[in-house]
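For reference, the chains in residue letters:
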Amino acid sequence: MSKPRLYSGMQPSADSLQVGNYIGALMQWRDLQEAYDAFFSVVDLHALTQPNDPAELREKTRRTAAQYIAAGIEPAKSTLYVQSHVAAHAELAWILSTVTGFGEAGRMTQFKDKSQRYGSDATSVGLFTYPVLMAADILLYQTDIVPVGDDQKQHVELTRDLAERFNSRYGDTFRVPMPVIQQDTARIYDLQNPTAKMSKSAESDAGVLWLLDDPAVSAKKVMRAVTDSDGTVRYDREAKPGVSNLLVIYAALTGRQIPAIEDEYAGRGYGDFKKGLAEVVVNEFGPVRERALELLDDPAELDRVLAANAAKAEDVANRTLGAVYDKVGLLRRTR
Ligand code: TYM
């Protein structure tokens, strides 16, 4: 029997991934790639919805792919590729946009937040249709599960709605995917502002732990993380958001339970606790960083791996796209 299908992706929107991407998504990907037929993309078309320097975008795309591999995604086992290498993504997005309601797309909270921040003249139509392209990513591969952090849940719900609507309008075409969200690590917060999500586009660098940061810099950021004046290492999301966030990161990176970590640091100050976490962070990311930089030393080899994987992805994607074109009534081109 064939394995169920998994699909997920990340935007190449910074030089490095951040700890939220790693804990909220990459760690799950790594674990799930054994039991699933997994597809992981670097979604460069999505990244175009933000201002980019073209040469830098190309470099960030490679860097993101290198970090997937360095973090344990195996390109011989999973299909790891660049979204724009498979033309079917943009083509299916167009078809899906014709079954998406204007109001429905306007209710996406990420769009609402970003468009409010930028103002309507600086908000592109691409940002508006961003979730439709994400639905195309997922539906092209007849996906069963989509492992993501909490902030992508609404987009996966939209994907399900579009799949169901298309299927009922044109006949069974798409598998309806399920989001998979690891509840306890679904949202990692900014170290300096622990009620805001840690994000690649955060305004201040001090609150973001980057996978490719120099280990000494990461350690310093942990030591300077915002806590509180209570002084006890205890999980309480409401009253102690800073310490709770650090506990979640600690537990996720070590595979330990939060109460065991609380016990270990009972009666000791935040300084000790942060030192412990800094060590955990350096031990976890040091090797990932080294491996990623090694891969980036040989961009031709990395590009070769990405090209071979894009060919595998294209086979699957084109099969779905062909079925969709037939279903909606586009005339087949004769060969
Ligand atoms: P992106 O690039 O913003 O984030 C990549 C993944 O990291 C998760 N994540 C977090 N998890 C926990 N805490 C955080 N602070 C945190 N920040 C980010 C995100 O939830 C995500 O899983 N639209 C997507 C990319 C995408 C995609 C797809 C994902 C495009 N097509 C198809 C899945 C399937 C995005 O912008 O992710």
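Attention here is on the structure that accompanies the text. On a predicted model such as this, the values are computed, not experimentally measured, just so you know. (Residues numbered from 1 in each chain as written. Predicted model: local features only at pLDDT ≥ 70, side-chain atom pairs only at ≥ 80, totals over all residues. Heavy atoms only, no water.)

## Points about the overall build of the protein
Consideration 1: Across its full length, the protein holds 13 helices and 5 strands.
Consideration 2: In terms of overall dimensions, the protein is globule-like: its C-alpha atoms have a radius of gyration of 21 Å, near the 20 Å expected for 335 residues.
Consideration 3: Along the three orthogonal principal directions, the C-alpha set of the protein runs to about 75 × 45 × 45 Å.
Consideration 4: Within the protein, the proportion of its 335 residues that are buried is 52%.
Consideration 5: Pairs at least 24 apart in sequence give 75% of the contacts found in the protein among residues at least 6 apart. (Helix = DSSP H or I, 4+ residues; strand = E, 2+ residues; numbered from the N terminus. Rg over C-alpha atoms; globule rule 2.2 N^0.38 Å. Buried < 20%, exposed > 50% of the residue type's maximum accessible area, 1.4 Å probe, protein only. Contact = heavy atoms within 4.5 Å.)

## Examining the side chain of S218
Consideration 1: With respect to the secondary-structure elements, S218 resides in helix α9 (residues 215-223).
Consideration 2: Given the relative accessible area of 3%, S218 is considered buried.
Consideration 3: Not counting residues up to four positions away in its chain, the partners in contact with S218 are L209, W210, D213 and V281.

## Comments concerning the packing of helix α1 (residues 19-32) against helix α12 (residues 270-296)
Consideration 1: In contact at an axis separation of 14 Å, α1 and α12 are set at 75° when each is read in the N-to-C sense. Taken together, the axes of α1 and α12 are roughly perpendicular relative to one another. Side by side, α1 and α12 meet where V19, Y22 and R30 of the first sit next to E284, F285 and V288 of the second.
Consideration 2: The residue inventory of the contact of α1 with α12, partitioned by class, reads 4 nonpolar, no polar and 2 charged. (Axes fitted to C-alpha atoms, helices over the stretch in contact; angles between N-to-C directions. Parallel < 35°, antiparallel > 145°, perpendicular 65-115°, else oblique. Nonpolar A, V, L, I, M, F, W, Y, C, P; charged D, E, K, R; others polar.)

## Some points on the site of the ligand
Consideration 1: Around the ligand, the structure places 28 residues, and the nearest of them are Y130, D137, D151, I188 and K200.
Consideration 2: The separation between a nitrogen atom of the ligand and a polar main-chain atom of G20 is 3.2 Å.
Consideration 3: In this structure, an oxygen atom belonging to the ligand sits 2.7 Å away from a side-chain N or O atom of Y130.
Consideration 4: Look at the ligand: alone it shows 720 Å² of surface, and the protein chains cover 96% of it.
Consideration 5: Of all elements in the fold, only β1 (5-10), α1 and α7 (125-140) reach the threshold of two or more residues within the shell around the ligand.
Consideration 6: For the shell around the ligand, the per-class residue count stands at 12 nonpolar, 11 polar and 5 charged. (Near = heavy atom within 4 Å. Polar contact = N/O pair within 3.5 Å; in protein donor to acceptor, adjacent residues only side chain to side chain. Areas by Shrake-Rupley, 256 points an atom, 1.4 Å probe, with all protein chains shown as cover.)

## Regarding the environment of L296
Consideration 1: Take L296: it is sitting in helix α12.
Consideration 2: By relative accessible area, L296 is classed as buried at 15%.
Consideration 3: It is 37 Å that separates the C-alpha atoms of L296 and A105, two residues lying 191 residues apart in sequence.
Consideration 4: L296 has contacts with E59, R62, R63, A66 and L302, leaving out every residue within four places of it along the chain.

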